[in-house]
Amino acid sequence: MLFYSFFKSLVGKDVVVELKNDLSICGTLHSVDQFLNIKLTDISVTDPDKYPHMLSVKNCFIRGSVVRYVQLPPDECDTQLLQDAARKEAAQNKTR
């Protein structure tokens, strides 16, 4: 739930999603669900020469299982907050 909550806070921000097939898609994060499926709007591909069929696509839904990386804007990533939340979640899981 930690990453789900984190990605929900990034809705409306520009991100780059790299897929396992080496396709990188830039776009505005529209929504994310508990399976980390991602919906992007106003997309563009980083290598349009390699993927010319993606030039006409404006919005896309990405299944969470095919995502390799999500690149975030540097000013939106509060690493201290993420570390604290991860420690808190780990401590809660130990008590179960």
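Here the structure is shown first, and the text comes after it.
Residues numbered from 1 in each chain as written. Predicted model: local features only at pLDDT ≥ 70, side-chain atom pairs only at ≥ 80, totals over all residues. Heavy atoms only, no water.

### What about the pattern of salt bridges?
Under the definition given, this model contains 3 salt bridges. For R68, the salt bridge identified is with E18, shortest N-O distance 2.9 Å. Within this pair, whereas R68 is found in strand β5 (residues 67-71), its partner E18 is found in strand β1 (residues 14-19), the two being separated by 50 residues in sequence. A residue is classified by how much of its surface remains accessible, and R68, at 34% relative accessible area, is partly exposed. R87 serves as the salt-bridge partner of D84, at 3.3 Å between the closest nitrogen and oxygen. On the criterion of helical spacing, the pair formed by D84 and R87 is a turn pair, its members being 3 residues apart in helix α2 (residues 79-94). In this structure D84 comes out as partly exposed when scored by relative accessible area, which is 39%. A residue is classified by how much of its surface remains accessible, and R87, at 53% relative accessible area, is exposed. (Salt bridge = Lys/Arg side-chain N within 4 Å of Asp/Glu carboxyl O. Helix = DSSP H or I, 4+ residues; strand = E, 2+ residues; numbered from the N terminus. Buried < 20%, exposed > 50% of the residue type's maximum accessible area, 1.4 Å probe, protein only.)

### Thoughts on the packing of aromatic side chains
Considering all chains together, one arrives at 1 aromatic pair under this definition. Note on F6 and F7: the rings are 5.9 Å apart at their centroids and 55 degrees apart in plane angle, and the pair reads as tilted. Residue F6 is classed as buried on the basis of its relative accessible area of 12%. (Phe/Tyr/Trp six-rings, centres within 6.5 Å; stacked < 30°, edge-to-face > 60°.)

### Considering the nonpolar core
In this structure, V17, I25, I38, L40 and I62 are the most contacted members of the largest nonpolar core, which totals 19 residues. Among all residues touching I62, those that are not within four sequence positions of it are V17, L19, I25, N37, I38, L40 and V67. (Core = buried A, V, L, I, M, F, W, Y, C linked by side-chain atoms within 4.5 Å. Contact = heavy atoms within 4.5 Å.)

### Let's talk about the environment of L2
Within the secondary structure, L2 is located in helix α1 (residues 2-8). The class of L2 is buried, set by a relative accessible area of 17%. Residues L2 and D42 lie 40 residues apart in sequence; the distance between their C-alpha atoms is 26 Å. Filtering out sequence-adjacent residues up to four positions away, L2 remains in contact with L82, A85, A86 and E89.

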